[in-house]
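Inside the fold
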Number of protein chains: 2
Amino acid sequence: MFTPRPIGYIHSSYKHTDEVPRGLGAQHTAEGTLEILREFVPGLDDIEGFSHLYVLWEFDLAAGADLHVTPPTDDQPHGIFATRSPRRPNPIALTVVEVLGRDKGTVRVRGLDMVDGTPILDLKPYLSSIPEEKLKLGWMAAAHKTKS
Amino acid sequence: MFTPRPIGYIHSSYKHTDEVPRGLGAQHTAEGTLEILREFVPGLDDIEGFSHLYVLWEFDLAAGADLHVTPPTDDQPHGIFATRSPRRPNPIALTVVEVLGRDKGTVRVRGLDMVDGTPILDLKPYLSSIPEEKLKLGWMAAAHKTKS
């Protein structure tokens, strides 16, 4: 397969994963920047026309993988692919952010849930949504209902 | 960084990338299966409770990367991070699919846009959407309007 390389790094006010809100319904309104490495900056052209981006990033603080995890928002174990847990076979994370602006290699965004210094793997335009009424949230809906 | 490894492979009726519908508004209704490798099958537990999944997969047919690309749906070049082009610094692709069912390591899905045999990197539950009325689609909206 390919060899991953950072295209840049997150700049956020979170210094530790414990500071990041977690679980279904957690509000991610933190603002910060995506600092793209100089060699990749031309790849940002036209990105500011999109309201939202997918940020693919590395769970660089996770060590190892589990096939079952008990998330902080539930007391039952679930298959890793039915969770957002960082301890995945490939430690790739996905976050949707809102674009606030761009200045050369710096993209200002809202909705960060990564700690400062996290390596970015890719950015992609967010193009379409599944209507909320068509979404089923499996164990998360049940766990959320119990806790709230 | 980490060393990517396939967690399984796509089984679809597309044998060549030319067969996959492209561009904004392309309908992806193809059904097929995600065939997860035996060692990772326990990680699928509870996945069938979610209506939609993110599939992260490798653009294994893409060779090299460009910082500007002219997509098939436009006649202007755009920054690679403002497109879905496969020729990215990290050749990671993202597709949202609808879950139809699961039998052990086989997940039946609708909405595939990958060719048969494509390596899968990760599966994640799709949890929430940005409302359509809040989305701005940049150059894609303009290119789409011109063509339709």
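Keep in mind that what you see is a predicted model, and the values were worked out from it rather than measured.

**As for the confidence of the model for chain A**
- Across chain A, the average pLDDT comes to 93, with 98% of residues at 70 or higher.
- Here the predicted complex carries an ipTM of 0.94, next to a pTM of 0.95.

**Observations regarding the nonpolar core**
- Of all hydrophobic cores here, the largest spans 64 residues; its most connected members are Val 55 and Trp 57 of chain A together with Val 55 and Trp 57 of chain B.
- Excluding residues within four positions of it along the chain, Trp 57 of chain B makes contact with Ile 10, Ala 93, Thr 95, Met 114, Thr 118, Pro 119, Ile 120 and Leu 121 of chain B.

**Notes on the pairing of strand S3 (residues 52-58) of chain A**
All names here are of chain A.
- For S3, a buried count of six out of seven residues is recorded, marking the element as mostly surrounded by other parts of the structure.
- The pairing of S3 with strand S6 (residues 92-103) spans seven bridges and is classified as antiparallel. Counted as the bridge partner of Glu 58 is Ile 92 from S6.
- Note that S3 and strand S8 (residues 119-125) share five bridges and pair antiparallel.

**A few points about the interface of chain A and chain B**
- With 54 residues of chain A at the interface, the matching set in chain B holds 54 residues.
- Counting only elements with at least two residues in the side of chain A that touches chain B, the list comes to S3, strand S5 (78-79), S6, S8 and helix H1 (138-147) of chain A.
- In terms of residue count, S8 of chain A provides more of the side of chain A that touches chain B than any other element does, six residues in total.
- In the side of chain A that touches chain B, the residues fall into 33 nonpolar, 10 polar and 11 charged.

About the thresholds
Residues numbered from 1 in each chain as written. Chains lettered and ligands numbered in written order. Predicted model: local features only at pLDDT ≥ 70, side-chain atom pairs only at ≥ 80, totals over all residues. pLDDT = per-residue confidence, 0-100. Core = buried A, V, L, I, M, F, W, Y, C linked by C-beta atoms within 7 Å. Buried ≥ 20, exposed ≤ 12 C-beta atoms within 10 Å, placed from the backbone. Contact = placed C-beta atoms within 7 Å. Helix = DSSP H or I, 4+ residues; strand = E, 2+ residues; numbered from the N terminus. Pairing = 2+ DSSP bridges. Nonpolar A, V, L, I, M, F, W, Y, C, P; charged D, E, K, R; others polar.

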